[in-house]
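Tertiary structure, described
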Amino acid sequence: MKPIYFMKNKPSIILNYFLFPLVLLFMYGFSPLTVSSSSNLDLVKTSTWYIAGPTKETQETINKMRKEKGLIKITAKENPAGAIELNVMVSESDSNDGVPTNLSKNSKYVSITYKSNELIKLQAREGNKEGTGCVHGGSHPRVDLPISAKDFTTIKIPWTEFKQDGLTNGKVLNIHNLCKFNFVNYNPTSNAVLEIKSVRIH
């Protein structure tokens, strides 16, 4: 009787053997992929920052202060010509370009603690169509960082506030294709200062 009993259950055992990995595949293999490593991290503490434009500080001095004091600070040169752009990747990269980040659908806003004596335009740059880097040039979803000259202030910006060119009817930022933040002073004056203590994604 034992051989007969074994033969009757063999197909069931074989079926279960193949079904189990299929169940796992459907449970995990098709789950949406998100980059969670950037959530709740302070980009001032974790990431390299990059600078372009007429500032007294260099990339090296900016990041040295960032590591030693947990502070980003840039100062415009005397009679500066051209815009100042300070940028940081959402996911750490070895340059100011790289693969965009797919934030979780549960991410709602970015909070920034800063001080500035001039208006700053904050761009949230998306990834390019190829998914290999950031969009450069042209227009981007952006918001204004109001002047806060005397004291540090913390502002919470919902992702839905980031719209193309800052227009009320502009295209809303796609947080599943977020590449980097770019802090821009388009018309800096002599010795204009921007200081940033934290940039956190929530």
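The rules we used
- Residues numbered from 1 in each chain as written.
- Predicted model: local features only at pLDDT ≥ 70, side-chain atom pairs only at ≥ 80, totals over all residues.
- Heavy atoms only, no water.
- Helix = DSSP H or I, 4+ residues; strand = E, 2+ residues; numbered from the N terminus.
- Buried < 20%, exposed > 50% of the residue type's maximum accessible area, 1.4 Å probe, protein only.
- Contact = heavy atoms within 4.5 Å.
- Arc of directions from axis to C-beta.
- Core = buried A, V, L, I, M, F, W, Y, C linked by side-chain atoms within 4.5 Å.

1. Examining the environment of Lys 197
Mapped onto the fold, Lys 197 is located in strand E10 (residues 193-201). Overall, Lys 197 belongs to the partly exposed group, its relative accessible area being 41%. Separated by 84 residues in sequence, Lys 197 and Thr 113 place their C-alpha atoms 5.4 Å apart. Once residues lying within four places of it in the same chain are set aside, the contact partners of Lys 197 are Asp 42, Val 44, Gly 70, Leu 71, Thr 113 and Phe 152.

2. Re helix H3 (residues 59-69)
Burial in H3 covers these residues: Ile 62, Asn 63 and Arg 66. Taken around the axis of H3, the buried residues stretch over an arc of 90°, which confines them to a single face. Within H3, the exposed residues directed more than 90 degrees away from the buried face are Glu 60, Lys 64, Glu 68 and Lys 69. Buried residues along H3 sit against helix H2 (43-46), strand E1 (49-52), strand E2 (72-75) and strand E3 (84-89). Gly 70 lies just past H3 and shows a positive phi near 65°.

3. A word on the nonpolar core
Of all hydrophobic cores here, the largest spans 33 residues; its most connected members are Trp 49, Trp 159, Phe 181, Phe 183, Ile 196 and Val 199. Contributing elements (two or more residues each) for this core: H2, E2, E3, strand E4 (109-116), strand E5 (120-126), strand E6 (141-145), strand E9 (178-185) and E10. Per-element tally for this core: the top contributor is E10, with four residues. Beyond its immediate chain neighbours, meaning those up to four positions away, Trp 159 contacts Leu 103, Ser 107, Lys 108, Tyr 109, Val 110, Val 172, Leu 173, Ile 175, Leu 178, Phe 181, Ile 201 and His 202.

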